[in-house]
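An overview of the molecular structure
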Amino acid sequence: MLLSASRPNLTAVTKSTTDGTTATTSVVYDVPLSGSTAPNAMGTSDVAAWGQDDVPTDATAIFPADSVPTGPLVCIRPMHP
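Residues numbered from 1 in each chain as written. Predicted model: local features only at pLDDT ≥ 70, side-chain atom pairs only at ≥ 80, totals over all residues. Heavy atoms only, no water.

Regarding the overall build of the chain
Looking only at helices and strands, the chain features one helix and three strands. When burial is assessed residue by residue, the chain has 20% of its 81 residues classed as buried. The long-range share in the chain, meaning contacts at least 24 apart out of those at least 6 apart in sequence, stands at 52%. Accessible surface for the chain amounts to roughly 5900 Å². Of this, 57% is attributable to carbon and sulfur atoms. (Helix = DSSP H or I, 4+ residues; strand = E, 2+ residues; numbered from the N terminus. Buried < 20%, exposed > 50% of the residue type's maximum accessible area, 1.4 Å probe, protein only. Contact = heavy atoms within 4.5 Å. Areas by Shrake-Rupley, 256 points an atom, 1.4 Å probe, with all protein chains shown as cover.)

What to know about unusual backbone geometry
Look at Asp30: it is not a glycine, yet its phi comes out positive at around 60°. Tracing the sequence through the fold places Asp30 in the loop between strand E2 (18–28) and helix H1 (44–48). Under the relative-accessibility criterion, Asp30 is labelled exposed at 61%.

Concerning the confidence of the model for the chain
The predicted coordinates should not be examined in detail at positions where pLDDT is low. Across the chain, pLDDT averages 79, with 84% of residues at or above 70. Residue range residues 74–81 is modelled with pLDDT below 50. Its contacts to residues more than four positions away, or to other chains, number eleven contacts. (pLDDT = per-residue confidence, 0-100.)

As for the environment of Val27
Considering the arrangement of structural elements, one finds Val27 in strand E2. On the basis of relative accessible area, Val27 is assigned to the buried category, the value being 18%. Each C-alpha atom of the pair Val27 and Ala5 lies 8.3 Å from the other, and the pair is 22 residues apart in sequence.

A look at the environment of Thr21
Within the secondary structure, Thr21 sits in strand E2. Look at Thr21 and you get partly exposed, because its relative accessible area is 38%. Residues contacting Thr21, with those up to four places away along its chain left out, are Arg7, Pro8 and Asn9. A polar contact of 2.6 Å, which involves the side chain of Thr21, links it to the side chain of Asp19. (Polar contact = N/O pair within 3.5 Å; in protein donor to acceptor, adjacent residues only side chain to side chain.)

Looking at the environment of Pro8
Turning to its location among the elements, Pro8 is positioned in strand E1 (residues 2–10). Classification of Pro8 as partly exposed rests on a relative accessible area of 48%. Along the chain, Pro8 and Ala23 lie 15 residues apart, while their C-alpha atoms are 6.1 Å from each other. Look past the residues within four positions of Pro8 in its chain and what remains in contact with it is Thr18, Thr21 and Thr22.

In structure tokens:
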């Protein structure tokens, strides 16, 4: 599930003057842990390879305003403020 939060950008060297643009941070829930659509292999055997006994149960990706997510993770639904 893709969610996003937006805020006005501040003008450089100010605390409250906005520059008319918006910064949007995207949060993607339910990121796959294994398989061809997983961004990083985090399955049982993958984490066991570095000695981790506790296997991840879920994953979340956070993208800053200057990195807009693309691909299969984005085809869920955006959050509307």
